[in-house]
Amino acid sequence: FSFNITADCNAILKALQPIFQEQGMTETVHNWEDHGYLATYIKKNGSFANLRIHPRGLVLVDLQSFNDQTKGREEVDQLLNKVEERMKELFHGNIKRVKRLPAILRGGVIDRYWPTADGRLVEYDIDEVVYDEDSPFQNIKILHSKQFGNILILSGDVNLAESDLAYTQAIMGSGKEDYTGKEVLILGGGDGGILYEIVKLKPKMVTMVASNIDQMVIDGCKKYMRKTCGDVLDNLKGECYQVLIEDCIPVLKRYAKEGRMFDYVINDLTAVPISTSPEEDSTWEFLRLILDLSMKVLKQDGKYFTQGNCINLTDALTLYEEQLSRLYCPVEFSKETVCVPSYMELY
C-alpha cells in the first residue's frame, strides 16, 4: 500500500492486529521510532506474515505459507482481502496504490522461475522436467512449457524453445539469403535448429562445430527437441552436412591455415557479454578471437551472422559494435531486432 499522506504507524498496527490474531498467529513487534514498525505473525503450522509499516506512506505485507493446496491458497487470499478492506476503511481515499503480487512457489520439484538477459525474473508455465543431467561442462535441462513446448536451458540460461523458430530464422538472415549450393560453417548450435533449417535449403555442405564439446547436449536435443532439430542430429554426418564435436578455435585455425573458405559463418556460441569492461572480461576476448578467426575463413563477399543480446542491454551492444572496428580486416554490418517467444524480450 502506498499513500498520499504520512502514515500513522501505530494506528495501522492496531487496525490490522485483530485480523492476524483471528488466525491464531502470535505477534512480535519492533519499533524504530522514526523508521516505523515491523510486526511478525507466526502460526502453529509454520506459516508467518511480516507487516512492515513505513511512516512516509508505505505498508508492506509479506506472507509465507507451507501449503500448495487450493484450500491453503484460498485461506491466504481471504486473509489478504481482509487486510486490504481494513486498510481502505482506515484511509478512505488516501491510498494512492494497492499492489498484490502473485505467490512465488519455492522448493518445488519443477523450477518455474528463470532470469531474462537484462536481469528480470520471469515465471514460466513449466509443468514437466523432461531432462536434467550434469555433463562435465554444464547442467543441461529440458523443461516443458505449456505455451512454448520443450525449452533447452544450459546452466540456468534459457537457450531455445521449440516455439523459437523466429530466433533461428533471424540468425540465418531472415529468409533473405540463398543457401543453395553454398558452403556454410555453424559455430555452436548444439540444439540442431540452425542445421535443420539450412539443410532444407539445399546447401553444398554445412559444417557444424558444436564448440561446447558436449555430446550430452546433442543427445538430449535429438531425443527431446525434435520439433527444433528434426532428424539431423541422429547422425553426425549426412548427405550435405557434418557435425564435429570439437573445440571451434583449433578448427577455425586449421581451416584458416588450409585456406578453406565459407560463404556463410553463423555464430551461435554465446550472447554478447553483459560486462561493460571488455578489456577485463575473458568472454570479450573469446568473442574477438572468434570474430577474427571467422573473418579469415569467410569469402570476400561472404556473410557472418550472430546473435546479439537483449535490446535493453544497450551498453553491451554498443561495445560489441566497437569491437567490429578492431578486427584485422574492415567489415560492414547491419542489425535486426526480433521477438524470441520463450525469451519474453526483444533480441
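Note that the coordinates shown come from a computational prediction; the quantities given were computed from them, not determined experimentally. (Residues numbered from 1 in each chain as written. Predicted model: local features only at pLDDT ≥ 70, side-chain atom pairs only at ≥ 80, totals over all residues. Heavy atoms only, no water.)

1. Details of the overall build of the chain
Part 1 of the reasoning: Along the chain, the regular secondary structure elements total 9 helices and 19 strands.
Part 2 of the reasoning: Relative to its length of 347 residues, the chain is extended, with a C-alpha radius of gyration of 27 Å against a globular reference of 20 Å.
Part 3 of the reasoning: In terms of principal-axis extent, the alpha carbons of the chain reach across some 80 × 40 × 35 Å.
Part 4 of the reasoning: In the chain, buried positions account for 44% of the 347 residues.
Part 5 of the reasoning: Considering only contacts in the chain between residues 6 or more positions apart, those separated by 24 or more positions represent 58%. (Helix = DSSP H or I, 4+ residues; strand = E, 2+ residues; numbered from the N terminus. Rg over C-alpha atoms; globule rule 2.2 N^0.38 Å. Buried < 20%, exposed > 50% of the residue type's maximum accessible area, 1.4 Å probe, protein only. Contact = heavy atoms within 4.5 Å.)

2. Brief notes about the side chain of lysine 141
Part 1 of the reasoning: Relative to the assigned elements, lysine 141 resides in strand S10 (residues 139-145).
Part 2 of the reasoning: Side chain to side chain, lysine 141 and asparagine 139 meet in a polar contact 2.8 Å long.
Part 3 of the reasoning: Beyond its immediate stretch of four places on either side in the chain, lysine 141 contacts Trp114, Tyr131, Asp132, Ile151, Leu152 and Ile153. (Polar contact = N/O pair within 3.5 Å; in protein donor to acceptor, adjacent residues only side chain to side chain.)

3. What to know about the sheet that holds strand S12 (residues 157-161)
Part 1 of the reasoning: In spatial order, the strands read S9-S10-S11-S12; together these 4 strands make up an open sheet with antiparallel pairing. A strand with exactly one partner marks an edge of an open sheet, and here the two such strands are strand S9 (126-134) and S12. Across the sheet, the axes of successive neighbouring strands diverge by a mean angle of 25 degrees, strand direction being ignored.
Part 2 of the reasoning: One ladder, built from 7 bridges, connects S9 with S10; its direction is antiparallel. Bridging from a neighbouring strand, aspartate 132 pairs with lysine 141 of S10. (Pairing = 2+ DSSP bridges. Axes fitted to C-alpha atoms, helices over the stretch in contact; angles between N-to-C directions.)

4. Some thoughts on the nonpolar core
Part 1 of the reasoning: Ranked by size, the top nonpolar core spans 50 residues in total, and within it Leu195, Ile198 and Ile266 carry the most contacts.
Part 2 of the reasoning: Counting residues in hydrophobic clusters, the runner-up holds 25 residues, among them Tyr255, Met295, Leu298 and Cys329. (Core = buried A, V, L, I, M, F, W, Y, C linked by side-chain atoms within 4.5 Å.)

5. Comments concerning helix H9 (residues 314-324)
Part 1 of the reasoning: Restricting attention to buried positions, one finds in H9 the residues Ala316, Leu319, Tyr320, Gln323 and Leu324. Axial view of H9: buried residues confined to an arc of 160 degrees, hence all on one face.
Part 2 of the reasoning: Packing partners of the buried residues in H9 comprise helix H8 (282-296) and strand S17 (298-306). (Arc of directions from axis to C-beta.)

6. Re the UniProt feature "active site" (unreviewed entry) in the chain
Part 1 of the reasoning: UniProt's entry tags Asp268 with the feature "active site" (unreviewed entry), counted in the numbering of this structure.
Part 2 of the reasoning: With respect to the helices and strands, the residue aspartate 268 is situated in strand S16 (residues 262-268).
Part 3 of the reasoning: Not counting residues within four places of it along the chain, the set of residues in contact with aspartate 268 comprises Tyr167, Ile171, Leu187, Gly188, Gly189, Asp191, Ile194 and Gln307.
Part 4 of the reasoning: There is a polar contact of 2.3 Å between the side chain of aspartate 268 and the side chain of tyrosine 167. (UniProt positions renumbered as here; feature names shortened; annotations may be inferred.)

7. Side note on the layout of surface pockets
Part 1 of the reasoning: Of the pockets and cavities examined, the largest pocket occupies roughly 1,600 Å³.
Part 2 of the reasoning: In this structure, the largest pocket is lined by 41 residues; those nearest its centre are Leu63, Leu101, Pro102, Ala103 and Ile104.
Part 3 of the reasoning: Of all the elements in the fold, those that place two or more residues in the lining of the largest pocket are strand S4 (48-54), strand S5 (58-64) and helix H2 (70-91).
Part 4 of the reasoning: The calculated volume of the second largest pocket comes to roughly 1,400 Å³.
Part 5 of the reasoning: Tyr304, Phe305, Phe333, Ser334 and Lys335 are, among the 43 residues lining the second largest pocket, the residues nearest its centre.
Part 6 of the reasoning: Elements represented by at least two residues in the lining of the second largest pocket include exactly helix H3 (165-171), H8, S17 and H9.
Part 7 of the reasoning: With 9 residues, S17 is the single largest residue contributor to the lining of the second largest pocket. (1 Å grid on protein atoms, 1.4 Å probe; cavity = no way out; pocket = protein on both sides within 12 Å on 5 of 7 lines; lining within 4 Å. Points joined across faces, edges and corners; volume = space filled by probe spheres on them.)

8. Details of the packing of H8 against H9
Part 1 of the reasoning: Across the interface, H8 lies against H9 with an axial gap of 11 Å and an inter-helix angle of 40 degrees. Put simply, H8 runs oblique to H9. In this structure, H8 meets H9 at a crossing whose hand is right-handed. Across the interface between the two elements, Trp284, Leu287, Arg288 and Leu291 from H8 touch Ala316, Leu319, Tyr320, Gln323 and Leu324 from H9.
Part 2 of the reasoning: By residue class, the composition of the contact of H8 with H9 is 7 nonpolar, 1 polar and 1 charged. (Parallel < 35°, antiparallel > 145°, perpendicular 65-115°, else oblique. Left-handed = near helix turned anticlockwise from the far one by under 90°. Nonpolar A, V, L, I, M, F, W, Y, C, P; charged D, E, K, R; others polar.)

9. A look at the pattern of salt bridges
Part 1 of the reasoning: Under the defined criterion, the tally for this structure stands at 16 salt bridges.
Part 2 of the reasoning: As a salt-bridge pair, glutamate 84 and lysine 88 come within 3.2 Å of each other at their nearest N and O atoms. One end of the pair, glutamate 84, and the other, lysine 88, are both in helix H2, 4 residues apart, so they sit about a helical turn from each other.
Part 3 of the reasoning: A salt bridge links aspartate 118 to arginine 120; the shortest N-O distance between them is 3.2 Å.
Part 4 of the reasoning: On the basis of relative accessibility, which here comes to 23%, the residue aspartate 118 falls in the partly exposed class.
Part 5 of the reasoning: For arginine 120, a relative accessible area of 35% corresponds to the partly exposed category. (Salt bridge = Lys/Arg side-chain N within 4 Å of Asp/Glu carboxyl O.)

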